[in-house]
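Here's the letter readout for the chains.
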Amino acid sequence: MKILLTGAAGFIGFHTAKALLARGDEVIGYDNFTPYYDPELKEARVAQLEGVKGWTLIRGDILDRDTLRKAMQGVDRVCHLAALAGVRYSFEHPDEYIDINIRGFFNVIEEVHQQKIPGLIYASSSSVYGNTQKFPSSEEDRTDSQQSLYGMNKKDNELMAFTYHATHGVRSTGLRFFTVYGPWGRPDMALFLFTEALLKDQPLNIFGEGKMQRDFTFVDDIVQGIIASIDKNYDYEIFNLGCGKQEELMEYVRMVEVSCGKEAKKNFMPMQPGDVRASSADISKAQRMLGFDPKTTIAKGVPQFIEWYRSYYKI
Ligand SMILES: NC(=O)c1ccc[n+]([C@@H]2O[C@H](COP(=O)([O-])OP(=O)(O)OC[C@H]3O[C@@H](n4cnc5c(N)ncnc54)[C@H](O)[C@@H]3O)[C@@H](O)[C@H]2O)c1
């Protein structure tokens, strides 16, 4: 297949591109290397793909409709992962979130419709569940209590996809990712920040007084779910992609300590705006309809991140 992959220089996009190329698909990566975090990390990711058969990179913005239109010509699928992905950053930069996460999504789906692309797979988020008290969360649950503009953007994307399916028959699959981690991960996420602080002998800032739970999902498992969605190409579906196991945040911290061989000084702090106390995915629908089969526990996944971190930053 020929796949347009937006956000290809990003954390999940890079791993998705690698896996698609490995099985022989043609991938057009599309990314504007936005400086929300260190663009050098994005450059280093795409440098790994340079020269791989089937790989092309377009340095383009999803807000630039002409470039996007040309990039999409003749593809079999669009996999749309480009977004501003940080929950907290959406409090400080609301305009950018509306532009990129809503207008940008509209540009993508409108082009998918106009060019009659056979299928759109896009990133939603566990943030659509907001401060739900029902765990594990299932796709059937109500999702109208988002705690951040970011979460609301993702819910908006799902609604727009529903409307494009209802009005124009656009095929789409929305994937609600639950706290993704792994090698080449994002510098604004907890695992990166914990590791960075611990290896520099600085205290770890632990929000929610350490009393938070998350469904942590290893990136290779997420990629398996993305690729299955590309292949199945359902009419209109939403899936949770999580590990299906709720972990204590302090257990995640302990894994970092074990992998680094050091005990951390801990700075317990209150919850931050936009944070939710817990997340937990009911993945039975993805298991049934996508053959989704997450295999990586945090005990296996966290050391893989630390190993990458040490080698990338030469520590
Ligand atoms: N990582 C997670 O835990 C997680 C959880 C839930 C949902 N998601 C969603 O998954 C997707 C990928 O997330 P990620 O963690 O890989 O984030 P990321 O920030 O590493 O990747 C996003 C990529 O999109 C690109 N981008 C941003 N604005 C763009 C624009 N205007 N035009 C073109 N490219 C643009 C960025 O340069 C970046 O490389 C996002 O949609 C995110 O919201 C991620």
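Residues numbered from 1 in each chain as written. Predicted model: local features only at pLDDT ≥ 70, side-chain atom pairs only at ≥ 80, totals over all residues. Heavy atoms only, no water.

Peer 1: Teacher, can you tell me more about the overall build of the chain here?
Peer 2: Per the secondary structure count, the chain includes eleven helices and 13 strands. In summary, the chain has a C-alpha radius of gyration of 19 Å against a globular reference of 20 Å for 315 residues, a match within 12%. A principal-axis box enclosing the C-alpha atoms of the chain has dimensions of 55 × 45 × 40 Å. Counting only residues that meet the buried cut, the chain has 57% of its 315 residues in that class. Put simply, 84% of the contacts in the chain that link residues at least 6 apart link residues at least 24 apart. Accessible surface for the chain amounts to roughly 13,400 Å². Of this, 50% is attributable to carbon and sulfur atoms. Positive and negative side-chain charges in the chain, numbering 37 and 42 respectively, have mean positions lying 2 Å apart. (Helix = DSSP H or I, 4+ residues; strand = E, 2+ residues; numbered from the N terminus. Rg over C-alpha atoms; globule rule 2.2 N^0.38 Å. Buried < 20%, exposed > 50% of the residue type's maximum accessible area, 1.4 Å probe, protein only. Contact = heavy atoms within 4.5 Å. Areas by Shrake-Rupley, 256 points an atom, 1.4 Å probe, with all protein chains shown as cover. Lys, Arg positive; Asp, Glu negative; His and termini not counted. Charge placed at Lys NZ, Arg CZ, Asp CG, Glu CD.)

Peer 1: Quick question: what am I supposed to make of the packing of aromatic side chains here?
Peer 2: What describes a pair of aromatic rings is the distance from one ring centre to the other and the angle between the planes of the rings. Across all of its chains, the model carries 24 aromatic pairs by this definition. Plain terms: the ring middles of F162 and Y236 are 5.4 Å apart, the flat faces sit at 85° to each other, and that makes the pair edge-to-face. Of this pair, F162 sits in helix 6 (residues 149-168) while Y236 sits in strand 11 (residues 236-241); the two residues are 74 residues apart in sequence, bridging distant segments of the chain. The class of Y236 is buried, set by a relative accessible area of 19%. Note on F305 and W308: the rings are 5.6 Å apart at their centroids and 50° apart in plane angle, and the pair reads as tilted. Remark: W308 and F305 occur in helix 11 (residues 298-312); sequence separation between them is three residues, near one turn of the helix. Assigned by exposure class, F305 and W308 land together as buried. One aromatic cluster is present, built from ring pairs that chain together F14, W184, F192, F305, W308, Y309, Y312 and Y313. Just above the ring of Y37 sits the side chain of K42; from NZ or CZ to the centre is 4.5 Å. Directly above the ring of F207 sits R88, whose terminal nitrogen or CZ lies 5.0 Å from the centroid. (Phe/Tyr/Trp six-rings, centres within 6.5 Å; stacked < 30°, edge-to-face > 60°. Lys NZ or Arg CZ within 6 Å of the ring centre and 35° of its normal.)

Peer 1: Where do I start with the site of the ligand in this structure?
Peer 2: What surrounds the ligand is a group of 29 residues, the closest being I12, D31, Y37, Y150 and V180. Here an oxygen atom of the ligand and a backbone polar atom of T34 are 3.1 Å apart. In the environment of the ligand, an oxygen atom lies 2.8 Å from a nitrogen or oxygen atom belonging to the backbone of V180. Protein burial of the ligand: of its 820 Å² of free accessible surface, 98% is covered by the chains. Elements with a contribution of two residues or more to the shell around the ligand: helix 1 (11-22), strand 5 (120-125) and helix 6. When residues of the shell around the ligand are assigned to their parent elements, the largest contribution, three residues, is made by strand 5. Residues that form the shell around the ligand fall into these classes: 16 nonpolar, eight polar and five charged. (Near = heavy atom within 4 Å. Polar contact = N/O pair within 3.5 Å; in protein donor to acceptor, adjacent residues only side chain to side chain. Nonpolar A, V, L, I, M, F, W, Y, C, P; charged D, E, K, R; others polar.)

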